[in-house]
Amino acid sequence: MILEVKTKTQPISKEQVLASWKRIKQGGKGMGIDHVSIAMIETNPRKYLYPLWNRLSSGSYFPPAVREVAIPKGDGKERILGIPTILDRVAQDVIKQELEKIAEPKFHPNSYGYRPCKSAHEAVTECAKNCRERWYVVDIDIKGFFDNIDHEQMMRVLRKQTDQSHILLYCERWLKASMQTKEGNLKERTKGSPQGGVISPLLENLYLDEAFDNWMKTTHPHIVFERYADDIVIHTRSMKQSQYILEQIKQRMKQYTLELSESKTKIVYCYQSALQGKEQQGIPVSFDFLGFTFKPRTCNGKYGKFLGYSPAISMKSQKKILTKCKELAFHNWVTIDIKALSQALRTRIRGWIEYYGKNRMSDMHRLFSKINRRIAKWILKKFKVATYGQAYVKMQRIARNQPNLFEHWKYGFRG
């Protein structure tokens, strides 16, 4: 498809572009402002990929504007994404692969987000372990992190990592790339790195590695934490230590043009008997991290029940899933049979179980009960059953006879 002959002024080969294209076409299909789709590139890859390599390798590549997309957040606000063109994603992946090889070995072991061989589940497991060993948590929320990254600071961080001119050249251009609004207007950016880009998570990791991880390692080596992108949980042994480290972090973030959210940043008492109050009145006893709520719970152990402090799917995550189900409105898909319905939902439900079911799957009962109600509504409409109650009984009968039909039924969530 693209044959290697030689590189130009920048050390970027055609093989690099081709390898990045193969990775990008397996990911998201959303188009950028040029409306070029993956299918169009696959039809004639040389038409698109050769000019891309030509510009990248000569230093003349300038990224097009990213497309502004607003997605709802759990608190009713919106998160602004910047969706690059597919070809720009290929270009970003080329540089990301090079930069990642340089940066990855230097990252802090307690940084879990968007890293090879690291996962959110590892961060959650480590967080639960540290909650058992230390009784206080400082739950950090950085206000508008992705929108407030300082470009000059970011470039200084990058120069500490590499002196490769093509990496520095293109990273700076991506940082400064404009954004096209929904109305079609171009909006210049003087700070921030919009979410949605291929290289953005790596740049953001580098920024916080400098601003937070390495600083913690140097100045507070005995304090443990978990960081997943800009979600940070710090474990301390006393209220006094928590207040001290929180104040220190506020000052540190200011040096990198970042600010903590006063309303969302909090100190949490996380001893397993926190619900009993003791001397901790007025102090929060729960916090959310990566879609899970950590709080005191009755747990089942080897020697019976005990009071522990553990994670389970958060109410915010459940609400997000139920909102998705409402948007799908699969109870109206009456033109297909129940087997096709289960197949259509299988990937989504399996994904929810694989992520949230890792910790206390039993806490997903409320969620799957509501999904079952929608299945019963589907039966009501599909088979024109007289009442919803009769439809629900019919669904339970199907679940008994075919317990593996829907993914969540396999785990006993059939009523």
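Data block above holds the structure.
Peer 1: Looking at this structure, I do not really get the overall build of the protein chain. What am I missing?
Peer 2: Each helix and strand in the protein chain was counted, giving 13 helices and eleven strands. Taken along the three principal axes of its C-alpha coordinates, the protein chain extends 70 × 60 × 40 Å. Among the 415 residues that make up the protein chain, the fraction classed as buried is 50%. Within the protein chain, counting contacts between residues at least 6 apart in sequence, those at least 24 apart form 66% of the total.

Peer 1: I keep staring at the state of the cysteines and nothing clicks. Help me out?
Peer 2: Disulfide: a covalent bond connecting the sulfur atoms of a pair of cysteines. Applying the stated criterion to the full structure yields zero disulfides. Not engaged in a disulfide, the cysteine Cys131 finds its nearest cysteine sulfur in Cys127; these two sulfurs lie 4.2 Å apart.

Peer 1: Please explain the environment of Leu328 as it appears in this structure.
Peer 2: Mapped onto the fold, Leu328 is located in helix α10 (residues 315–328). Once the C-alpha coordinates of Leu328 and Leu18 are considered, the two residues, 310 residues apart in sequence, prove to be 36 Å apart. Once residues lying within four places of it in the same chain are set aside, the contact partners of Leu328 are Trp333, Leu345 and Arg348.

Peer 1: For this particular structure, what's the right way to read the packing of helix α4 (residues 86–103) against helix α7 (residues 165–176)?
Peer 2: If you want to describe how two helices pack, look at the angle between their axes and the distance between the axes. Put simply, α4 and α7 touch, their axes get as near as 10 Å, and they point 130° apart. When the interaxial angle is binned, α4 and α7 end up oblique. In the packing of α4 onto α7, the handedness of the crossing is left-handed. Contact residues: α4 offers Asp88, Ala91, Gln92, Ile95, Glu98, Leu99 and Ile102, while α7 offers His166, Ile167, Tyr170, Cys171 and Trp174.

Peer 1: Any chance you could explain the side chain of Glu68 here in plain terms?
Peer 2: Following the sequence through the fold, Glu68 ends up in strand β1 (residues 66–72). A polar side-chain atom of Glu68 sits 3.1 Å from a polar atom in the side chain of Lys187. Apart from residues no more than four positions distant in its own chain, Glu68 is found in contact with Ile80, Leu81, Met179, Gln180, Thr181, Lys182 and Lys187.

Peer 1: Any chance you could explain the packing of helix α1 (residues 14–24) against α4 here in plain terms?
Peer 2: At a closest axis distance of 8 Å, the pairing of α1 and α4 adopts a crossing angle of 115°. Looking at the two axes, α1 sits roughly perpendicular to α4. As for the relative orientation of α1 and α4, their crossing is right-handed in sense. Taking contact as the criterion, the partners of Gln16, Val17, Ser20, Trp21, Arg23 and Ile24 in α1 are, on α4, Ile86, Arg89, Val90, Asp93, Val94, Gln97 and Glu98.

Peer 1: Explain unusual backbone geometry to me, please; I cannot follow it from the model alone.
Peer 2: Trans peptide bonds make up the majority, and among non-glycine residues the majority have a negative phi. In this structure, Tyr114 takes a positive phi of about 55° despite not being glycine. Residue position: Tyr114 is located in the loop between α4 and α5 (120–133). The class of Tyr114 is partly exposed, set by a relative accessible area of 49%. Look at Leu290: it is not a glycine, yet its phi comes out positive at around 55°. Among the secondary structure elements, Leu290 is positioned in the loop between β9 (287–289) and β10 (292–301).

Peer 1: Got a minute to help me understand the pattern of salt bridges in this structure?
Peer 2: A side chain of one charge can pair with a side chain of the opposite charge when the charged atoms of the two come close. Inspection of the entire model under this criterion finds 17 salt bridges. The salt bridge partner of Arg360 is Asp363, with a shortest N-O separation of 3.4 Å. Between Lys410 and Glu407 there is a salt bridge whose closest N-O contact spans 2.9 Å. On the accessibility criterion, Lys410 (38% relative accessible area) is partly exposed. Overlapping salt bridges bring together Arg346, Arg350, Glu407 and Lys410 as one network.

Peer 1: What's the story with the packing of aromatic side chains in this structure? I'm lost.
Peer 2: Each aromatic ring pair is characterised by the separation of its centres together with the angle its planes make. Enumeration over the complete set of coordinates arrives at 19 aromatic pairs. Look at Phe212 and Phe225: their rings are 5.0 Å apart centre to centre, the planes differ by 80°, and that puts the pair in the edge-to-face class. You can see Phe212 sitting in helix α8 (residues 200–219) and its partner Phe225 sitting in strand β6 (residues 224–228), a full 13 residues away along the chain. In this structure Phe212 comes out as buried when scored by relative accessible area, which is 1%. Accessibility expressed as a relative area gives 2% for Phe225, which makes it buried. Pairing Tyr388 with Tyr392 gives two aromatic rings, centres 6.0 Å apart and planes at 45°, and the pair type is tilted. Placement of the pair is Tyr388 and Tyr392 together in helix α13 (residues 388–401), with a separation of four residues, close to one helical turn. The exposure class of Tyr388 is partly exposed, given its relative accessible area of 33%. In this arrangement the basic side chain of Lys14 is found over the ring face of Trp53, its NZ or CZ atom lying 4.5 Å from the centre. The aromatic ring of Phe62 is capped on one face by Arg173, whose charged end is 3.8 Å from the ring centroid.

What counts and how
- Residues numbered from 1 in each chain as written.
- Predicted model: local features only at pLDDT ≥ 70, side-chain atom pairs only at ≥ 80, totals over all residues.
- Heavy atoms only, no water.
- Helix = DSSP H or I, 4+ residues; strand = E, 2+ residues; numbered from the N terminus.
- Buried < 20%, exposed > 50% of the residue type's maximum accessible area, 1.4 Å probe, protein only.
- Contact = heavy atoms within 4.5 Å.
- Disulfide = S-S within 2.5 Å.
- Axes fitted to C-alpha atoms, helices over the stretch in contact; angles between N-to-C directions.
- Parallel < 35°, antiparallel > 145°, perpendicular 65-115°, else oblique.
- Left-handed = near helix turned anticlockwise from the far one by under 90°.
- Polar contact = N/O pair within 3.5 Å; in protein donor to acceptor, adjacent residues only side chain to side chain.
- Salt bridge = Lys/Arg side-chain N within 4 Å of Asp/Glu carboxyl O.
- Phe/Tyr/Trp six-rings, centres within 6.5 Å; stacked < 30°, edge-to-face > 60°.
- Lys NZ or Arg CZ within 6 Å of the ring centre and 35° of its normal.

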